[in-house]
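# Secondary and tertiary structure notes
Single-letter residue listing:
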Amino acid sequence: MLVSSASPLFCGLWIPLVTPFTADDRVDHAALAALVRGLAGLGVAGFVACGSTGEAAALTAEEQLAVLDTTLAAAQGLPVLMGVGGYRLPGVLAQLEAVCTRPVAGVLVAAPFYIRPSQQGLLGWFRTLADTSPVPLVLYDIPYRTGVELRLDTLLALAAHPRIQGIKDCGGDAGKTAALIADGRLAVLAGEDAQVFGHLAMGAAGAITASAHRHTERFVRLIDLLRAGALAEARALWQPLLPWVQAVFAEPNPGPIKALLADAGEMGDRLRAPLTAASPALRQRLRALEDGLLSRP
């Protein structure tokens, strides 16, 4: 099995945190802190604050920094990545400066959305951010959100920068994933939950996995087994988990995972528009799948 030679910091299971809201549509910092404290004791490697699962686009700049502060305070020393992004370079640089006044392990940065720049434009964008940042960058390749792909030659060129150290891979190109793992300079983290098994079996360093808000210890065990090359045991753990993972993404994230967390009494089932809560039919399906997983050892 291929094994990445990238920095050991960005490996294992990272949780891209949801952002809980109160009934009057404020960030529920008490629920967020309790969520982070609970997950921190389950073997996760770290947290991502203000990613797409955290509804970052619906938060003000002040709310984003407050979410980060709450996450850092509750993380019990575990590393925290902060989502940083936009399409106006001065604004993104200002956001980066504010974030880096906190003790973050790094920043998760996607391509500028809507603009659809050339690959040369992307090289300049990420190099400028990396030159400015005092902390590592983890690239976020997610073309179905940004409208632009980070191509393999672009990623390999960016990997030469000492502060570009990882990638959350949602690109959907298995050949590109394998090439990045073989190159070894970037820590490759699976970003599509249903692809965790395949990425780790190829030698990826870990995963950033929203569905692991629930059944967290199963995901931790799965990744440990795959990184150890124990494919048969990992497969037996993954096969019953996969239908549940697929159901969690049957409607827009994070609606379904928030519904499950609300059912467990961990937060209110609230999202900011235009996102909506999970449908009654999906809730019923998720509960049935939850019961099935809870009945397994």
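Note: the structure precedes this text.
Summarised in this report is the structure supplied together with it.

The rules behind each value
Residues numbered from 1 in each chain as written. Predicted model: local features only at pLDDT ≥ 70, side-chain atom pairs only at ≥ 80, totals over all residues. Heavy atoms only, no water. Core = buried A, V, L, I, M, F, W, Y, C linked by side-chain atoms within 4.5 Å. Buried < 20%, exposed > 50% of the residue type's maximum accessible area, 1.4 Å probe, protein only. Helix = DSSP H or I, 4+ residues; strand = E, 2+ residues; numbered from the N terminus. Contact = heavy atoms within 4.5 Å. Pairing = 2+ DSSP bridges. Axes fitted to C-alpha atoms, helices over the stretch in contact; angles between N-to-C directions. Patch = residues over 30% accessible without salt bridge, like charges linked within 9 Å, V, L, I, M, F, W, Y side chains within 5 Å. Areas by Shrake-Rupley, 256 points an atom, 1.4 Å probe, with all protein chains shown as cover. Salt bridge = Lys/Arg side-chain N within 4 Å of Asp/Glu carboxyl O. Phe/Tyr/Trp six-rings, centres within 6.5 Å; stacked < 30°, edge-to-face > 60°. Parallel < 35°, antiparallel > 145°, perpendicular 65-115°, else oblique. Left-handed = near helix turned anticlockwise from the far one by under 90°. Right-handed = clockwise from strand over helix to strand, strands pointing away.

A word on the nonpolar core. Core analysis: the largest hydrophobic core is formed by 84 residues, its most contacted members being Phe47, Phe126 and Trp244. Among the elements that make up this core, the one with the highest residue count is helix 10 (residues 231-248) (eight residues). Here Phe126 is in contact with Val109, Ala110, Ala111, Leu137, Leu139, Leu150, Leu158 and Ile164, once residues within four sequence places are set aside. Formed by 15 residues, the second largest nonpolar core is a distinct cluster that contains Trp14, Val138, Ile142 and Cys170.

Bringing the sheet that holds strand 7 (residues 187-190) into the picture now. Each strand in a sheet pairs with its neighbour through backbone hydrogen bonds, running either in the same direction (parallel) or in the opposite one (antiparallel). The eight strands are arranged 1-2-3-4-5-6-7-8 in a closed barrel whose pairing can be described as parallel. Ignoring strand direction, the axes of neighbouring strands in this sheet form an average angle of 25 degrees. Sheet topology note: the strand 6 (residues 164-169)/strand 7 ladder contains four bridges and is parallel. Note that in strand 7 the partner of Ile167 across the bridge is Val188. Against the sheet, helix 2 (residues 61-74) contacts strand 2 (46-49) and strand 3 (80-84), and its axis sits at roughly 170 degrees relative to strand 3.

Right, let's talk about a nonpolar patch on the surface for a bit. Among the surface-exposed residues, Tyr87, Phe113, Tyr114 and Ile115 lie close enough to one another that they form a single nonpolar patch of about 490 Å² accessible area. Counting through the fold element by element, Ile115 comes out in the loop between strand 4 (106-110) and helix 4 (119-132).

Time to look at the packing of aromatic side chains. What the rule picks out here adds up to three aromatic pairs. Between the aromatic rings of Phe10 and Trp14, the centroid separation amounts to 5.9 Å while the plane-to-plane angle is 40 degrees, which identifies the pairing as tilted. Across the pair, Trp14 and Phe10 agree in class, each one buried. Relative to Trp238, the ring of Phe197 lies with its centre 6.4 Å away and its plane at 25 degrees, an arrangement referred to as stacked. Placement of Phe197 in helix 8 (residues 196-202) and of Trp238 in helix 10 is noted, with a sequence separation of 41 residues between them. The pair Phe197 / Trp238 is uniform in exposure class, with both members buried.

A separate point is the packing of helix 1 (residues 29-40) against helix 2. Direction vectors running N to C along helix 1 and helix 2 enclose 40 degrees, while the axes themselves pass 8 Å from each other. Considered as vectors, helix 1 and helix 2 are oriented oblique to each other. The handedness of the crossing between helix 1 and helix 2 comes out as right-handed. Contacts between helix 1 and helix 2 involve His29, Leu32, Ala33, Val36 and Arg37 on the former and, on the latter, Ala66, Val67, Thr70, Thr71 and Ala74.

Let us now look at the pairing of strand 6. Counting buried positions along strand 6 gives six out of six residues, so the element sits mostly inside the fold. A crossover connection joins strand 6 to the parallel strand 7 through helix 7 (residues 174-183); in handedness this β-α-β unit is right-handed.

With that out of the way, let us pick up the pattern of salt bridges. Applying the stated criterion across every chain, the model contains 12 salt bridges. The partner of Asp183 in a salt bridge is Arg185, with the nearest N and O atoms 2.8 Å apart. Look at Arg185 and you get partly exposed, because its relative accessible area is 38%. For Arg283, the salt bridge is made with Asp269, and the minimal N-O distance between the two is 2.2 Å. Placement of the pair is Arg283 in helix 12 (residues 280-294) and Asp269 in the loop between helix 11 (255-263) and helix 12, with a sequence separation of 14 residues. Arg283 sits in the buried class, given a relative accessible area of 18%. A relative accessible area of 24% places Asp269 in the partly exposed class. If you follow the salt bridges from partner to partner, you end up with Asp25, Glu63 and Arg272 in one network.

This part takes up the pairing of strand 1 (residues 12-16). Within strand 1, five of the five residues are buried, leaving the element largely enclosed by the surrounding structure. In terms of strand pairing, strand 1 meets strand 8 (residues 206-208) through three bridges, oriented parallel. The residue bridging Gly12 from the neighbouring strand is Gly206, located in strand 8. Across three bridges, the pairing between strand 1 and strand 2 is parallel.

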